[in-house]
Structure formats: C-alpha cells, structure tokens
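# Examination of the molecular architecture
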Amino acid sequence: RYSDAWKTSALNAAKISTGDTLVIKGGSVDGPSYIDPRLRAAVRILAAESPRDLRGVSGGELATLDFGSRKMSGLVDIEALKTVEGLADICLQTFPTSLEADKKEMETSANSFTDNMKLAMSFRMA
C-alpha cells in the first residue's frame, strides 16, 4: 500500500499547491463552461489509489486530457468526473432564481431562449 506522499509529489508536479484557487465556471448560458486544468489534474490525483492508477501520465498531461481519455484509468476518471459534477452542482445552487421560477419561465417563454440557455436550464432541472 502506498502512502499519500506520492499524491503530494504528483500535485506539486502538476503545479498545484495548498491555497491555490482552482476555478470551475458555468460561463454564461450562451457561453462555454470552464474547468481549470489544474482542477482536472487535482481531482484525478486525489481519486487515484496509487501512482499506478495514473498510468504514467504526468502532472501537466493530467490537466490537458479530456475525461474518458484512454490514457487514464476508467475508475479514476469516473471518480474525478463525479467530483467535478458535485462542484458543478454546488455552482448550480447559486443561481439567482429558484428552480420553480426557471420551470415557469421555460413554460411561458421557451421560444425566446437560445439552445444553450435551454440546455443550461434543462441541466439544472435534471
């Protein structure tokens, strides 16, 4: 069994240190979302049980690989993606309107929304 010291080394290699701000943004409903590449690397490192789970992928590359990449362990990416989804859920809870108000708006004004706005609201309602 590995100690967690390897995780600290991996986080350092990915240029992530204590106190760093790692950003996840939903963007605007008309614009793209953004996940800080260092956050992507960090959740993968923290989800791995051993260095072997990272399959030799370095810190910088952990930040650039899409979730589901064949280079990564599927289990690590599933856990990492669950973490990012949880963070996104926290972000969704900060909407200035209630879910009920959004549902009513969708029913009465759905034709005035862009496809991205409809997608964002549908995601929130799911």
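Residues numbered from 1 in each chain as written. Predicted model: local features only at pLDDT ≥ 70, side-chain atom pairs only at ≥ 80, totals over all residues. Heavy atoms only, no water.

### Brief notes about the environment of Leu-75
- Topologically, Leu-75 is positioned in helix α4 (residues 74–92).
- Considering only alpha carbons, one finds Leu-75 and Arg-44, 31 residues apart in sequence, at a separation of 9.8 Å. (Helix = DSSP H or I, 4+ residues; strand = E, 2+ residues; numbered from the N terminus.)

### Thoughts on unusual backbone geometry
- With phi around 60 degrees, Lys-15 is a residue other than glycine that occupies positive phi space.
- The phi dihedral of Arg-55 falls on the positive side, at around 55 degrees, and the residue is not glycine.

### Notes on helix α2 (residues 37–47)
- When α2 is considered as a whole, its buried residues turn out to be Leu-39, Arg-40, Ala-41, Ala-42, Val-43, Arg-44 and Ile-45.
- The distance from a side-chain oxygen at the start of α2 to the backbone nitrogen of Arg-38 is 2.8 Å, and the residue carrying that oxygen is Asp-36. (Buried < 20%, exposed > 50% of the residue type's maximum accessible area, 1.4 Å probe, protein only. Polar contact = N/O pair within 3.5 Å; in protein donor to acceptor, adjacent residues only side chain to side chain.)

### Topic: α4
- For α4, spanning 19 residues, the distance from its first C-alpha to its last is 26 Å, which sits close to the expected 27 Å at 1.5 Å a residue.
- The complete set of buried residues in α4 reads Val-76, Asp-77, Ala-80, Val-84 and Leu-92. End-on view of α4: buried residues confined to an arc of 150 degrees, all on one side of the axis. The exposed set on the far side of α4, more than 90 degrees from its buried face, consists of Leu-75 and Ile-90. (Expected span 1.5 Å × (residues − 1). Arc of directions from axis to C-beta.)

### Quick word on the nonpolar core
- If you look at the biggest cluster of nonpolar residues, it comprises 16 residues, and the most contacted ones within it are Ile-16, Ala-41, Ile-45, Leu-54, Leu-62 and Met-72.
- The set of elements that each furnish at least two residues to this core consists of α1 (5–13), α2 and α3 (59–64).
- In contact with Leu-54, not counting residues within four places along its chain, are Trp-6, Arg-44, Ile-45, Ala-48, Leu-62, Lys-71 and Met-72. (Core = buried A, V, L, I, M, F, W, Y, C linked by side-chain atoms within 4.5 Å. Contact = heavy atoms within 4.5 Å.)

### Things to note about the packing of α1 against α2
- One can describe the packing of α1 onto α2 by two numbers: an axis separation of 10 Å at closest approach and a directional angle of 165 degrees. On the basis of the axis angle, α1 is roughly antiparallel to α2. Handedness of the crossing formed by α1 with α2: right-handed. Only Ala-42, Ile-45 and Leu-46 of α2 make contact with α1, whose side of the interface consists of Trp-6, Lys-7, Ala-10 and Leu-11.
- Split into classes, the residues belonging to the contact of α1 with α2 amount to 6 nonpolar, no polar and 1 charged. (Axes fitted to C-alpha atoms, helices over the stretch in contact; angles between N-to-C directions. Parallel < 35°, antiparallel > 145°, perpendicular 65-115°, else oblique. Left-handed = near helix turned anticlockwise from the far one by under 90°. Nonpolar A, V, L, I, M, F, W, Y, C, P; charged D, E, K, R; others polar.)

Any functional reading would require information beyond the geometric quantities listed.
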